[in-house]
Amino acid sequence: MKIRTRYAPSPTGKMHVGNLRSALYEFLIAKHENGDFMLRIEDTDQERYVEGATQLIYRTLEKTGLIPDEGPDKDGGYGPYVQSERMRTGIYMKYAKELIEKGEAYYCFCDKERLASLKTEVVDGKEIMIYDKHCLSLTKEEVEANLAQGKPYVIRQNIPNEGKTTFHDELYGDITVDNDQLDDMILIKSDGYPTYNFANVVDDHTMNITHVVRGNEYLSSSPKYVRLYEAFGWQVPVYIHLPLITDENHKKLSKRSGHASFEDLLEQGFVTEAIVNYVALLGWSPEDNREIFSLEELIQEFDYHRISKSPAVFDIVKLRWMNGEYLKAMDFDTFYSMAEPYLKAVITKPYDLKKIAAMVKTRIEVFPDIASHVDFFEELPEYDPDMYTHKKMKTDKASSLEVLKEVLPILEAQEDYSNDGLYQRLLQYVEEKGCKNGYVMWPIRTAVSGKQMTPAGATEILEILGKEESLQRIRKGIALLENA
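In this text, all values refer to a predicted model and were calculated from it rather than measured experimentally.

Asker: Can you help me understand the overall build of the chain in this one?
Answerer: Along the backbone of the chain there are 19 helices and 13 strands. Taking 2.2 N^0.38 as the reference for a compact globule, 484 residues should give roughly 23 Å; the C-alpha atoms of the chain span a radius of gyration of 32 Å, well beyond that estimate. Seen through its C-alpha atoms, the chain measures out along the principal axes to roughly 110 × 45 × 35 Å. Each of the 484 residues in the chain was classed as buried or not, and the buried ones make up 50%. When contacts within the chain are restricted to residue pairs at least 6 apart in sequence, those whose partners lie at least 24 apart make up 73%. Roughly 23,600 Å² of accessible area belongs to the chain as shown, and the carbon and sulfur atoms make up 48% of that amount.

Following this line, the structure appears as structure tokens:
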């Protein structure tokens, strides 16, 4: 049996991290076994439809490398791949009527007033109306008369009040529920559109989907899906329900967290490969403790039996670390093309941005970190003269003032302002003075950067700033220390 999985998003906005994980796992499960990965757009909920969201789905799958083998733009013989287009073929109504004939579904003509009078139950914090099967007792003649009059209706699933329903999940095992806990869910809405649940089952079966991957919030609906499969006499797919993704406070990851969608993360300066790698580890772990994987390596390694049932914590600190590892490993030209806009947002002076990019490449975790590392090139910040005191370098304000006054004429006379030329000349001064490198380099670096931490050493900074700007900053440092 060839494995066939599907990613079936609703076009309702940005792709949530949880949806990206579902798509990724579906892709990996299929590709690990040389199976097919399909894209299906579930747009039957017209009220939640967002203009442009379908294009966003295509773009995200392309960026992340989760390329479908078939979908709306790549017919594999199971189309149409958009639910509203499938609906126009009459497929959902055809199967709903088949269930009615089998006694597994029925027409319901109850109006809003009657439904509002029915009792409700609280399930997972939501108030759910329990339908009382009122319309199940209508005779065939009554149903036909109502239909002939054009009376609005929905089609409901007929779940018996007695007995139990059992279904199997690959992670959670066999789950059994009492049928009286299941309500007669709507299959076809009054506007003629199928509900998400019903369309899902019909589409998965008619598209030969073998493995269904989704969040564990759907566990409670699964018995109703299974009853539909059994009512039709269809093979139930392999179910894999994924653990919840929470924030650092163990609350469900929400849009308010600021990093709940793929687009949010890209805007925050994360790279696609790091996001995909990190999302793969939200609930799944390889056999060893390895953490860095390319998409190809994930395909080789991914075994869905190693998915955990425990909630996965989305740790932005861990993602930042992982992103930093990807930036370190990135080839320089690619890094520079991505870093350049961030550098130009801070530095307007005609400095060598490629050299500055090389300085920060191994020091940042996300691209927006660049600003705080390089802003001193644009303008020397106000800084405290106490910064010249450094225990390890054995420097204080007095020794720093002495060094700056002595190196000023040396740097004024220096012709070669390359990093190597400056370093060799200052090394000569260090030897003459009989001190350690840091004793000289710390005051110079402080004077030219005004910062405790810099992405490069003193001579590299001098080279970028050039002779005139460097000397100006050293003179400022001397004046600051003299006034201190």
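The rest of the description comes next.
Asker: What should I look at first to understand the side chain of Asn277 in this one?
Answerer: For Asn277, the location among the structural elements is in helix H10 (residues 272–280). Other than its neighbours up to four places away in sequence, Asn277 contacts Glu291, Ile292, Phe293, Met322 and Tyr326.

Asker: Any chance you could explain the pattern of salt bridges here in plain terms?
Answerer: Should the charged atoms of two oppositely charged side chains come close, the side chains can pair. Taken as a whole and judged by the stated rule, the model has 29 salt bridges. With its nearest N and O atoms 2.5 Å apart, the salt bridge here joins Lys318 to Glu291. Of this pair, Lys318 sits in helix H12 (residues 316–329) while Glu291 sits in the loop between H10 and helix H11 (295–301), and the two are 27 residues apart along the sequence. A relative accessible area of 30% means that Lys318 is categorised as partly exposed. Given a relative accessible area of 27%, Glu291 falls into the partly exposed group. Through salt bridges that share partners, Arg6, Arg40, Glu42, Arg86, Asp203 and Asp204 make up one connected network.

Asker: Explain H12 to me, please; I cannot follow it from the model alone.
Answerer: One full turn of an α-helix is made of 3.6 residues, so residues set three or four places apart face in the same direction. Taking 1.5 Å per residue as the helical rise, H12 with its 14 residues ought to reach 20 Å, and the 20 Å between its terminal C-alpha atoms agrees with that figure. Every buried residue of H12 is accounted for by Ile316, Leu319, Met322, Asn323, Gly324, Tyr326 and Leu327. If you follow the buried residues of H12, they end up packed against helix H9 (262–267), H10 and helix H13 (332–344).

Asker: Teacher, can you tell me more about the packing of helix H1 (residues 17–32) against H10 here?
Answerer: To describe two helices that pack against each other, one gives the angle between their axes and the distance between the axes. Here H1 crosses H10 at 80°, and the two axes come no closer than 9 Å. In terms of orientation, H1 lies roughly perpendicular with respect to H10. Facing H1, whose interface residues are Val17, Leu20, Arg21, Leu24 and Tyr25, H10 presents Ile275, Val276, Val279 and Ala280. Of the residues in the contact of H1 with H10, the class split is 8 nonpolar, no polar and 1 charged.

Asker: What am I meant to see in the sheet that holds strand E9 (residues 186–188) here?
Answerer: Sheet strands associate in pairs through backbone hydrogen bonding, adopting either a parallel or an antiparallel arrangement. Taken in spatial order, the 3 strands line up as E3-E6-E9 in an open sheet, and their pairing is antiparallel. Edge positions in the sheet fall to strand E3 (105–108) and E9, since each has one partner strand and no second. Going from strand to strand, the sheet's axes swing by 40° on average, the running direction of each strand aside.

Asker: For this particular structure, what's the right way to read the packing of aromatic side chains?
Answerer: Two numbers describe a pair of aromatic rings. These are the distance of the centres and the angle of the planes. Across all of its chains, the model carries 21 aromatic pairs by this definition. Relative to Phe232, the ring of Tyr95 lies with its centre 5.5 Å away and its plane at 90°, an arrangement referred to as edge-to-face. Residue Tyr95 is located in helix H4 (residues 91–102), and its partner Phe232 is located in helix H8 (residues 222–232); the two are separated by 137 residues in the primary sequence. Of the two residues, Tyr95 and Phe232, both sit in the buried class. With a centroid separation of 5.9 Å and 65° between ring planes, the pair formed by Trp284 and Phe293 is classed as edge-to-face. The exposure classification of Trp284 matches that of Phe293, with both residues buried.

Asker: Sorry, what's going on with the environment of Lys133 here?
Answerer: Inspection of the secondary structure puts Lys133 in the loop between strand E5 (126–129) and helix H6 (140–148). Given the relative accessible area of 15%, Lys133 is considered buried. Excluding anything up to four places from it in sequence, Lys133 contacts Tyr106, Asn158, Ile159, Asn161 and Asp184.

Asker: What's the story with the nonpolar core in this structure? I'm lost.
Answerer: General note: in soluble globular proteins, nonpolar side chains tend to be found buried as a group. One finds Phe314, Phe377 and Ile474 to be the most contacted residues of the largest nonpolar core, which totals 103 residues. Those residues in contact with Ile474 that lie beyond four places of it in its chain are Leu404, Leu408, Leu411, Ile444, Ala447, Val448 and Leu462. Formed by 32 residues, the second largest nonpolar core is a distinct cluster that contains Leu99, Val143, Ile188 and Tyr229.

Asker: Please explain H10 as it appears in this structure.
Answerer: The buried count for H10 comes to 8 of 9 residues, which makes it a mostly enclosed element. Every buried residue belonging to H10 is among Thr272, Ala274, Ile275, Val276, Asn277, Tyr278, Val279 and Ala280, and all of these are buried. Here the buried face of H10 lies against H1, helix H2 (53–64), H9, H11, strand E13 (312–313) and H12.

Asker: Would you explain unusual backbone geometry in this entry?
Answerer: Negative phi values dominate among residues other than glycine, just as trans dominates among peptide bonds. With an omega dihedral of -5°, the bond running from Gly79 to Pro80 counts as a cis peptide bond. Its location among the elements puts Pro80 in the loop between H2 and helix H3 (83–88). Its identity as a non-glycine residue notwithstanding, His250 has a phi of 65°, on the positive side. Within the element layout of this structure, His250 appears in the loop between strand E12 (245–246) and H9.

Asker: When you look at the environment of Tyr25 in this model, what are you seeing that I'm missing?
Answerer: Topologically, Tyr25 is positioned in helix H1. In this structure, the C-alpha to C-alpha distance between Tyr25 and Tyr304, residues 279 residues apart in sequence, is 7.9 Å. In this structure Tyr25 touches Val213, Leu242, Val279, Ala280, Leu282, Gly283, Trp284, Phe302 and Ile307, once residues within four positions along its chain are discounted. Side-chain polar atoms of Tyr25 contact the backbone oxygen of Ala280, separated by 2.8 Å.

Asker: Help me out: how do you make sense of the environment of Leu187 in this one?
Answerer: Secondary-structure assignment places Leu187 in strand E9. Each C-alpha atom of the pair Leu187 and Tyr106 lies 9.6 Å from the other, and the pair is 81 residues apart in sequence.

Criteria and cut-off values
- Residues numbered from 1 in each chain as written.
- Predicted model: local features only at pLDDT ≥ 70, side-chain atom pairs only at ≥ 80, totals over all residues.
- Heavy atoms only, no water.
- Helix = DSSP H or I, 4+ residues; strand = E, 2+ residues; numbered from the N terminus.
- Rg over C-alpha atoms; globule rule 2.2 N^0.38 Å.
- Buried < 20%, exposed > 50% of the residue type's maximum accessible area, 1.4 Å probe, protein only.
- Contact = heavy atoms within 4.5 Å.
- Areas by Shrake-Rupley, 256 points an atom, 1.4 Å probe, with all protein chains shown as cover.
- Salt bridge = Lys/Arg side-chain N within 4 Å of Asp/Glu carboxyl O.
- Expected span 1.5 Å × (residues − 1).
- Axes fitted to C-alpha atoms, helices over the stretch in contact; angles between N-to-C directions.
- Parallel < 35°, antiparallel > 145°, perpendicular 65-115°, else oblique.
- Nonpolar A, V, L, I, M, F, W, Y, C, P; charged D, E, K, R; others polar.
- Pairing = 2+ DSSP bridges.
- Phe/Tyr/Trp six-rings, centres within 6.5 Å; stacked < 30°, edge-to-face > 60°.
- Core = buried A, V, L, I, M, F, W, Y, C linked by side-chain atoms within 4.5 Å.
- Polar contact = N/O pair within 3.5 Å; in protein donor to acceptor, adjacent residues only side chain to side chain.

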